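# Reading the structure
Below are the chains, spelled out letter by letter.
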Amino acid sequence: MTPTHYACPLCSLPLLNQAAVFRCENNHSFDCAKENYLNLLPVQFKHSKNPGDNKAMVNARRAFLEQGYYQPLMNRLLALYHEKMPADANKPAIFLDAGCGEGFYTHQHKNAENTVYGVDIAKEAIKKAGKKYKNCHFSVATLSKLPFADSLFSWIVSVYAPILENEFTRVLSPGGFLLTVTPAKQHLMQLKQQIYDDAKEHDVEKLPIENLTLVHQENITYQMHLKTGQDTLNLLSMTPFAFKASEIVKQHLLNQDNFTCQADFLIRLYQKSD
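Scope of this entry: the structure provided in the associated data block.

All right, on to the packing of aromatic side chains then. Considering all chains together, one arrives at 16 aromatic pairs under this definition. Ring geometry for Y6 and F148: centres 5.3 Å apart, planes at 25°, overall stacked. On the criterion of sequence distance, the pair formed by Y6 in strand β1 (residues 2-7) and F148 in the loop between β8 (137-140) and β9 (153-159) is long-range, its members being 142 residues apart. Centre to centre, the rings of Y81 and F95 are 5.8 Å apart; their planes meet at 80°, and the pair counts as edge-to-face.

Have a look at this one:
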C-alpha cells in the first residue's frame with residue numbers, strides 16, 4: 001500500500017492506496033470508480049439522496065464553459081497562481097479546487113510540478129471531471145469536512161462555491177493562499193433583468209473570510225456576446241435564479257441569438273500567516 005494525500009472521511013486517518021482501493025488503518029475502504037474518482041461522502045454526511053447539481057445542470061455548465069465565455073476569468077486566476085506560486089521542483093505545490101464542479105477551473109491549474117485535487121458534493125459533476133481530466137485527483141466530498149489532513153494545501157481556489165473559512169483554513173498550509181471568486185455588482189445583470197422586474201445588484205460588501213489576511217482584490221468586467229440561445233439558456237442553468245425563470249422566459253432566451261450580458265467577477269486573495 002502506498003500513502004496518498006487523502007484522509008479517511010470517517011476517522012481522519014491517512015488513506016493508503018492498494019490498486020484501486022483506498023483504505024485506512026481502521027479498515028474503512030473506498031473504491032476508485034472507473035471514471036477516475038473517489039466517493040468520500042459517507043451516507044451519514046448527505047442531506048439528500050443526490051446532493052449538489054443534477055446531471056442536466058452539470059451538462060449545461062460544461063457546455064457553457066467550453067465555449068470560452070469565462071476564459072478571461074480563468075486566465076487571470078492562472079496569472080495570480082503563477083505570480084504567487086512560481087514553479088519549484090524542490091517544493092511542489094499541492095492545489096485544491098473546493099467546489100470544483102466538472103473540473104473546468106481545476107485542470108487548467110495542473111502543471112508538471114504540482115499535484116491538483118478537486119472536490120465537489122455533486123457526484124454527477126465529479127464523474128465528468130474524473131473521466132475527462134485524468135491528470136487531476138477528484139473526489140465526491142462535502143466542503144464542511146474535507147477528506148484531507150491539516151495544513152496540506154499551498155493554494156485553494158473557490159469559484160462560485162460555498163466558502164467555509166474554518167475548514168479551508170484547517171487544510172491550508174502556513175503561508176498558503178485562498179483565492180475566492182464571487183459575483184461583483186453587475187454580474188449577469190442583463191440576464192437577471194429578463195427574470196426580475198426589479199433586478200438588484202449583487203452585495204459585495206460582506207467579506208466571507210475574517211481571519212485570513214486579504215492581500216489582493218480586483219474586479220474583472222467584460223461584455224459577453226452569447227452566440228446562441230442555447231448558450232444563454234446554459235448560462236441561466238448555472239445560476240441560482242434559474243429556478244425563478246418561467247418557461248416563457250426560458251423560451252424567449254432560447255429564441256435569441258447574440259444576447260449580450262455583462263460578466264462581473266470579484267476576486268479576493270487571502271493568505272494564512274506562517
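From this point, the discussion proceeds with the structure in view.
As a further point, take the environment of I94. Positionally, I94 belongs in strand β6 (residues 94-98). What makes I94 buried here is its relative accessible area of 14%. On a C-alpha basis, the gap between I94 and F153 in space is 5.0 Å, while along the polypeptide they are 59 residues apart. When sequence neighbours within four positions are dropped, the list of residues in contact with I94 reads H5, T115, Y117, L152, F153, S154 and W155.

Among the five residues in β6, five count as buried, and that is most of the element. Alignment of β6 against strand β7 (residues 115-120), held across five bridges, turns out to be parallel. Looking at the pairing, I94 lines up with T115 of β7. Pairing between β6 and β9: three bridges, direction parallel. If you follow D97 over to β9, its bridge partner there is V157.

Moving on to helix α1 (residues 55-65). Burial in α1 covers these residues: V58, A60, R61, R62, F64 and L65. Residues of α1 that are buried make contact with α3 (104-108), α4 (123-132), β11 (213-226) and α7 (229-237). Measuring from the backbone nitrogen of A56 back to the side-chain oxygen at the start of α1 gives 3.2 Å, which picks out N54 as the cap.

Within β7, five of the six residues are buried, leaving the element largely enclosed by the surrounding structure. Viewed along the sheet, the connection from β7 through α4 into β8 turns out right-handed.

Attention shifts here to the nonpolar core. In terms of nonpolar packing, the biggest core is built from 52 residues, with Y70 and M224 touching the most fellow members. Discounting residues that sit within four places of it in the chain, M224 has contacts with F64, Y69, Y70, L188, L235, F259, T260, C261, Q262 and A263. Counting residues in each nonpolar core, the second largest holds 27 residues, with I94, Y117, I156 and I209 among its members.

This part covers the sheet that holds strand β10 (residues 172-183). The strand order β5-β8-β7-β6-β9-β10-β12-β11 describes an open sheet built from eight strands, whose pairing is mixed. At either margin of the open sheet sits one strand with a lone partner, and together these are β5 (37-39) and β11. The average angle at which neighbouring strand axes cross in this sheet is 20°, direction not considered. Bridging between β5 and β8 involves three bridges; their strand directions are parallel.

A few words on the packing of α1 against α7. In contact at an axis separation of 8 Å, α1 and α7 are set at 125° when each is read in the N-to-C sense. As the angle between them shows, α1 and α7 are arranged oblique. The way α1 lies across α7 gives a crossing that is left-handed. Residue-level inspection shows M57, A60, A63 and F64 of α1 in contact with α7, the latter providing D231, N234, L235 and S237. Taken together, the residues of the contact of α1 with α7 break down into five nonpolar, two polar and one charged.

On to the side chain of H187, then. By the element assignment, H187 lies in the loop between β10 and α6 (189-192). In terms of polar contacts, H187 uses its side chain to reach the backbone amide nitrogen of D264, at 3.0 Å. Apart from residues lying up to four places away in sequence, H187 is in contact with Y70, Y160, K192, H202, Q262, A263, D264 and F265.

With the rule as written, the count across this model stands at nine salt bridges. Residue R76 pairs with E218 through a salt bridge whose shortest N-O separation is 2.9 Å. Residue R76 is located in helix α2 (residues 71-84), and its partner E218 is located in strand β11; the two are separated by 142 residues in the primary sequence. One continuous salt-bridge network, built from bridges that share partners, spans D53, R61 and E102.

What counts, and where the lines are drawn
Residues numbered from 1 in each chain as written. Predicted model: local features only at pLDDT ≥ 70, side-chain atom pairs only at ≥ 80, totals over all residues. Heavy atoms only, no water. Phe/Tyr/Trp six-rings, centres within 6.5 Å; stacked < 30°, edge-to-face > 60°. Helix = DSSP H or I, 4+ residues; strand = E, 2+ residues; numbered from the N terminus. Buried < 20%, exposed > 50% of the residue type's maximum accessible area, 1.4 Å probe, protein only. Contact = heavy atoms within 4.5 Å. Pairing = 2+ DSSP bridges. Polar contact = N/O pair within 3.5 Å; in protein donor to acceptor, adjacent residues only side chain to side chain. Right-handed = clockwise from strand over helix to strand, strands pointing away. Core = buried A, V, L, I, M, F, W, Y, C linked by side-chain atoms within 4.5 Å. Axes fitted to C-alpha atoms, helices over the stretch in contact; angles between N-to-C directions. Parallel < 35°, antiparallel > 145°, perpendicular 65-115°, else oblique. Left-handed = near helix turned anticlockwise from the far one by under 90°. Nonpolar A, V, L, I, M, F, W, Y, C, P; charged D, E, K, R; others polar. Salt bridge = Lys/Arg side-chain N within 4 Å of Asp/Glu carboxyl O.

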